[in-house]
Number of protein chains: 2
Amino acid sequence: MEFMGKIIAVDIGGTHLRAALYEPEVTKPIIHKRIRTHADEPGVYGRMEALIESIWPKDGNVAAIGVASPGPLDPHTGYILKTPNIREWHNFPLGPNLTKHFKIPAFVDNDANLAALGEWRFGAGKGHHHLLFLTISTGVGGGVITDDHLLQGYHGLATELGHTLLDPKGPLCSCGFAGHLESYSSGPAIVKFVLGELEAGSHSSIKPSKNLTARVVAEAAMQGDKLAISAYQRAGDYLGMAVANFLLSFDPSIVVFGGGVSQVGSLLFDPFHSSLIKRIFHPRYLENLKIDMAALGDDAGLLGALALAQISV
Amino acid sequence: MEFMGKIIAVDIGGTHLRAALYEPEVTKPIIHKRIRTHADEPGVYGRMEALIESIWPKDGNVAAIGVASPGPLDPHTGYILKTPNIREWHNFPLGPNLTKHFKIPAFVDNDANLAALGEWRFGAGKGHHHLLFLTISTGVGGGVITDDHLLQGYHGLATELGHTLLDPKGPLCSCGFAGHLESYSSGPAIVKFVLGELEAGSHSSIKPSKNLTARVVAEAAMQGDKLAISAYQRAGDYLGMAVANFLLSFDPSIVVFGGGVSQVGSLLFDPFHSSLIKRIFHPRYLENLKIDMAALGDDAGLLGALALAQISV
């Protein structure tokens with residue numbers, strides 16, 4: 001993994017497009033720029049190309065481009081299959097287009113995989129060889145490093161862990177199927193549970209509203225609201241079940257949590273821990289297992305894209 | 001993976017201890033011997049050492065020993081943690097003992113992982129880079145090859161897939177926890193379901209008996225017995241749910257089934273296919289996905305141990 005050229009990393013977020021230029025082996029960028037992903041007119045790709053050009057170094061010495069993109073996508077070909085956040089992309093050759101235009105290799109993977117890669121290389125998972133990353137926010141995403149390799153799979157669709165089935169009779173997931181981890185533990189799932197209980201007559205300080213957020217539920221829980229507490233208990237309980245499955249699948253030495261919902265602390269993680277300990281079928285999985293919060297924050301996508309380009313070039 | 005020495009492979013089965021001597025890159029052994037695992041007196045390890053000595057080549061040119069052992073075990077250290085089949089082994093340094101005695105490297109992993117490795121290198125999965133192996137018999141075991149690497153994990157306990165939780169309120173598994181894949185789809189789970197239904201008053205040609213086997217249930221199903229058919233339907237339905245989870249975790253290009261219960265054909269695999277297709281949350285996982293039966297039969301353990309020694313030495 002020795003190389004001399006600079007790397008350009010791009011993070012395609014729901015609201016912002018970010019690009020940064022890095023020197024070899026330095027994680028503080030030489031330059032970093034950010035624009036809005038969506039403008040009045042379409043053309044996300046054109047704006048991205050211009051953004052990259054605007055940070056291109058004078059010496060022209062760029063070895064590769066790494067891109068963190070919303071999925072599903074195919075990291076082996078660099079095609080974005082279809083993504084709800086950028087509707088103009090459908091079987092869109094993002095990687096090939098960048099390579100053609102900039103005449104250097106371009107590597108693409110989804111946000112969760114690259115957050116896993118970034119945390120492993122630069123963040124909470126440094127020094128570990130087997131890492132499980134879970135982001136819990138609007139959705140639930142996963143990424144796995146096994147034996148120092150990013151687990152991508154044949155179609156590049158491995159570790160879509162938010163869609164793990166936990167109960168065939170469970171609530172509907174955003175994907176339309178029932179009983180997935182995401183349908184219990186994501187922010188919208190927590191809100192949906194609270195609204196359902198309110199409608200069924202539960203007492204709570206929370207007022208039913210279509211603008212209710214998981215953060216408002218968390219604040220009510222911290223004030224002692226029983227319904228709010230039970231919503232996070234349920235989210236943590238199912239998260240523990242899911243992680244029990246992930247441990248016996250991937251057997252990591254560290255589990256790293258990112259995403260807004262995971263910021264609430266013990267409200268989610270106390271029930272998570274009880275559930276995991278109660279459900280793991282062999283205690284050895286927990287020996288020396290570290291459970292930690294993501295360290296890279298908003299830079300997870302950019303640094304993951306940097307890492308991807310570094311290990312791929 | 002170039003090497004010149006011969007390899008000795010050992011398969012520790014519940015009834016037989018087998019050892020075979022292989023030339024480099026040839027899967028037909030020079031010599032193959034088999035003895036009973038359990039004798040009147042203890043000393044499985046001693047019998048194994050003697051068995052290996054009895055096939056040791058005259059030229060003494062052995063590069064490594066590979067061993068397929070019942071688990072749980074630690075493939076990184078070669079220690080057998082504890083195994084119900086060989087009670088005299090408890091934190092037993094199988095790999096280190098062999099290395100010390102024969103003065104060559106010895107590598108150990110569990111049967112299911114090595115069946116996966118064997119099928120990938122020599123059997124049904126040849127040419128694939130991402131393979132999922134599932135054995136369905138008394139228990140349910142799993143093994144995964146991802147990007148041409150055997151997935152072992154930090155403690156060496158990865159891919160214990162029979163203990164995947166599918167329903168927190170499901171039936172008891174052999175491990176004592178509820179709702180695992182093995183508690184729905186293993187041979188004993190099929191028998192237990194039938195006995196429970198008979199006790200509840202279901203009509204069937206099957207007579208309740210503590211000697212009932214999954215094979216007898218399969219024979220009744222082939223004669224049109226509705227209870228027997230429903231028992232396999234249920235096993236296949238849950239197997240499909242579990243494989244939907246495994247596809248989104250590992251995203252293989254081939255799923256290989258081994259083990260006695262998987263020999264029943266469409267009785268299990270028709271409901272399995274319907275369930276998998278109904279539950280996979282993105283159709284792309286099924287694109288070019290091959291589903292096949294294990295090709296190595298009884299030699300899976302030996303050839304897996306051979307493969308392990310070849311790739312490790």
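The model shown is predicted, which means the values in this text are computed figures rather than measured ones.

1. Some remarks on the overall build of chain A
Here comes step 1: Helix and strand content of chain A: nine helices and 13 strands.
Here comes step 2: Dimensions of chain A, computed from the C-alpha atoms along their principal axes, are close to 65 × 50 × 35 Å.
Here comes step 3: Each of the 313 residues in chain A was classed as buried or not, and the buried ones make up 57%.
Here comes step 4: In chain A, the proportion of contacts linking residues at least 24 apart, taken out of those at least 6 apart, comes to 62%.
Here comes step 5: Counting only carbon and sulfur atoms, one obtains 52% of the accessible surface of chain A, whose full area is about 12,900 Å².

2. Focus: the interface of chain A and chain B
Here comes step 1: Taken together, the contact between chain A and chain B spans 44 residues of the former and 44 residues of the latter.
Here comes step 2: Roughly 3,900 Å² is buried in total at the junction of chain A and chain B, and carbon and sulfur atoms are behind 59% of that figure.
Here comes step 3: Joining chain A to chain B, the criterion identifies 24 residue pairs in polar contact (both at pLDDT 80 or more).
Here comes step 4: Mapped by element, the contributors of at least two residues to the side of chain A that touches chain B are α7 (226-250) and α8 (266-279) of chain A.
Here comes step 5: By residue number, the principal contributor to the side of chain A that touches chain B is α7(A), which donates five residues.
Here comes step 6: Its residues assigned to classes, the side of chain A that touches chain B comprises 19 nonpolar, 16 polar and nine charged.

3. So, unusual backbone geometry
Residue and element names in this part refer to chain A.
Here comes step 1: A cis geometry characterises the amide bond from Gly71 onward to Pro72, with omega recorded as 0°.
Here comes step 2: Position of Pro72 among the secondary structure elements: in the loop between β4 (62-69) and β5 (73-74).
Here comes step 3: In this structure, Asn91 takes a positive phi of about 55° despite not being glycine.
Here comes step 4: Within the secondary structure, Asn91 is located in strand β7 (residues 86-92).
Here comes step 5: Phi is positive for Asp148, which is not a glycine, with a value near 65°.
Here comes step 6: Among the secondary structure elements, Asp148 is positioned in the loop between β10 (140-146) and β11 (149-150).

4. Looking at the pairing of strand β2 (residues 16-22) of chain B
Residues and elements named next belong to chain B.
Here comes step 1: Burial runs high along β2: six of the seven residues are buried.
Here comes step 2: Note that strand β1 (residues 6-12) and β2 share six bridges and pair antiparallel. Across the sheet, residue Val10 finds its bridge partner in β2, namely Ala19.
Here comes step 3: With antiparallel pairing between neighbouring strands as the criterion, β1 and β2 make up a hairpin whose turn holds three residues.
Here comes step 4: As paired elements, β2 and strand β3 (residues 31-36) share six bridges and run antiparallel to each other. Residue pairing across strands places Ala19 opposite Lys33, the latter belonging to β3.

5. Some thoughts on the relation of the copies chain A and chain B
Here comes step 1: Screw-axis analysis of chain A against chain B gives a translation of 0.0 Å along the axis, an RMSD of 0.1 Å, and a rotation angle of 180°. Such a combination of rotation and displacement between the chain copies is what one expects of a two-fold axis.

6. Some points on the packing of aromatic side chains
Here comes step 1: Going through the model one piece at a time under the given rule, you end up with 17 aromatic pairs over all chains.
Here comes step 2: Linked through ring pairs, A:Tyr45, A:Trp89 and A:Phe92 together constitute an aromatic cluster.

7. Let's talk about the pattern of salt bridges
Here comes step 1: A complete count under the given rule lists 13 salt bridges over all chains for this structure.
Here comes step 2: Salt-bridge contacts for A:Arg284 lead to B:Asp74; the nearest nitrogen and oxygen are separated by 2.9 Å. One end of the pair, A:Arg284, is in the loop between α8 and β13 (290-293); the other, B:Asp74, is in strand β5 (residues 73-74), on a second chain.
Here comes step 3: Judged by its relative accessible area of 7%, B:Asp74 is buried.
Here comes step 4: Taken together, the shared-partner salt bridges in this structure form one network comprising A:Asp74, B:Arg284 and B:Glu287.

8. Details of the sheet that holds β13(A)
Residues and elements named next belong to chain A.
Here comes step 1: Pairing within the open sheet is mixed, and its five strands lie in the order β11-β10-β9-β12-β13. Each end of this open sheet is capped by a strand with a single partner; those strands are β11 and β13.
Here comes step 2: Across the sheet, helix α3 (residues 111-122) is in contact with β9 (130-136), β10, β11 and β12 (254-258); its angle to β10 comes to roughly 45°.
Here comes step 3: Together, β9, β12 and β13 form the strand contacts of α8, whose direction differs from that of β13 by roughly 160°.

9. Some thoughts on the environment of A:Ile280
Here comes step 1: Structurally, A:Ile280 can be placed in the loop between α8 and β13.
Here comes step 2: A relative accessible area of 6% places A:Ile280 in the buried class.
Here comes step 3: Once the C-alpha coordinates of A:Ile280 and A:His163 are considered, the two residues, 117 residues apart in sequence, prove to be 20 Å apart.
Here comes step 4: Those residues in contact with A:Ile280, other than ones at most four positions away along the chain, are A:Ala244, A:Leu247, A:Tyr285, A:Leu286 and B:Phe177.

10. Overview of the confidence of the model for chain A
Here comes step 1: On average, residues of chain A carry a pLDDT of 95, and 99% of them reach 70 or more.
Here comes step 2: For this predicted complex, the interface confidence comes out at an ipTM of 0.95, alongside a pTM of 0.95.

11. Regarding the sheet that holds strand β1 (residues 6-12) of chain A
Through backbone hydrogen bonds, the strands of a sheet pair up, either in parallel or in antiparallel fashion.
Residues and elements named next belong to chain A.
Here comes step 1: Taken together, five strands build an open sheet; the order of strands is β3-β2-β1-β4-β8 and the sheet is mixed. Among the strands making up the open sheet, the edge pair consists of β3 (31-36) and β8 (106-110). Direction aside, neighbouring strands of the sheet carry axes that sit 15° apart on average.
Here comes step 2: Of the strand pairs in this sheet, β1 and β4 are connected by six bridges, and their pairing is parallel. When the sheet's bridge partners are listed, Ala9 is paired in β4 with Gly66.
Here comes step 3: Each of β1, β2 (16-22), β3 and β4 is contacted by helix α1 (residues 44-54), which is oriented at about 30° to β2, the strand it contacts most.
Here comes step 4: Docked against the sheet, α3 engages β1, β4 and β8, running at close to 105° with respect to β8.

12. Quick notes on the side chain of A:Gln152
Here comes step 1: Position of A:Gln152 relative to the elements: it lies in the loop between β11 and α4 (182-185).
Here comes step 2: On the basis of relative accessibility, which here comes to 17%, the residue A:Gln152 falls in the buried class.
Here comes step 3: One polar contact links A:Gln152 to A:Asp109, side chain to side chain, over a distance of 2.8 Å.
Here comes step 4: A:Gln152 has contacts with A:Pro75, A:His76, A:Asp109, A:Leu157, A:Ala158 and B:Asp251, leaving out every residue within four places of it along the chain.

13. A short note on the packing of helix α5 (residues 187-199) of chain A against α7(A)
All names here are of chain A.
Here comes step 1: Put simply, α5 and α7 touch, their axes get as near as 10 Å, and they point 135° apart. Our classification of the angle between α5 and α7 gives oblique. The way α5 lies across α7 gives a crossing that is right-handed. Contacts from Ala189, Ile190, Phe193, Val194, Glu197 and Leu198 of α5 reach α7 at Leu227, Ser230, Ala231, Tyr232, Arg234 and Ala235.
Here comes step 2: Tallied by class, residues from the contact of α5 with α7 come to nine nonpolar, one polar and two charged.

14. Some details on the nonpolar core
Here comes step 1: Judged by nonpolar contacts, the single largest core of 106 residues is most densely connected at A:Tyr232 and B:Tyr232.
Here comes step 2: Apart from residues no more than four positions distant in its own chain, B:Tyr232 is found in contact with B:Ile190, B:Ala214, B:Arg215, B:Val217, B:Ala218, B:Val261, B:Val264, B:Leu267, B:Leu268 and B:Pro271.

Reading guide: rules and limits
- Residues numbered from 1 in each chain as written.
- Chains lettered and ligands numbered in written order.
- Predicted model: local features only at pLDDT ≥ 70, side-chain atom pairs only at ≥ 80, totals over all residues.
- Heavy atoms only, no water.
- Helix = DSSP H or I, 4+ residues; strand = E, 2+ residues; numbered from the N terminus.
- Buried < 20%, exposed > 50% of the residue type's maximum accessible area, 1.4 Å probe, protein only.
- Contact = heavy atoms within 4.5 Å.
- Areas by Shrake-Rupley, 256 points an atom, 1.4 Å probe, with all protein chains shown as cover.
- Buried area = accessible area lost by both parts, 1.4 Å probe.
- Polar contact = N/O pair within 3.5 Å; in protein donor to acceptor, adjacent residues only side chain to side chain.
- Nonpolar A, V, L, I, M, F, W, Y, C, P; charged D, E, K, R; others polar.
- Pairing = 2+ DSSP bridges.
- Least-squares fit on C-alpha atoms with pLDDT ≥ 70 in both.
- Phe/Tyr/Trp six-rings, centres within 6.5 Å; stacked < 30°, edge-to-face > 60°.
- Salt bridge = Lys/Arg side-chain N within 4 Å of Asp/Glu carboxyl O.
- Axes fitted to C-alpha atoms, helices over the stretch in contact; angles between N-to-C directions.
- pLDDT = per-residue confidence, 0-100.
- Parallel < 35°, antiparallel > 145°, perpendicular 65-115°, else oblique.
- Left-handed = near helix turned anticlockwise from the far one by under 90°.
- Core = buried A, V, L, I, M, F, W, Y, C linked by side-chain atoms within 4.5 Å.

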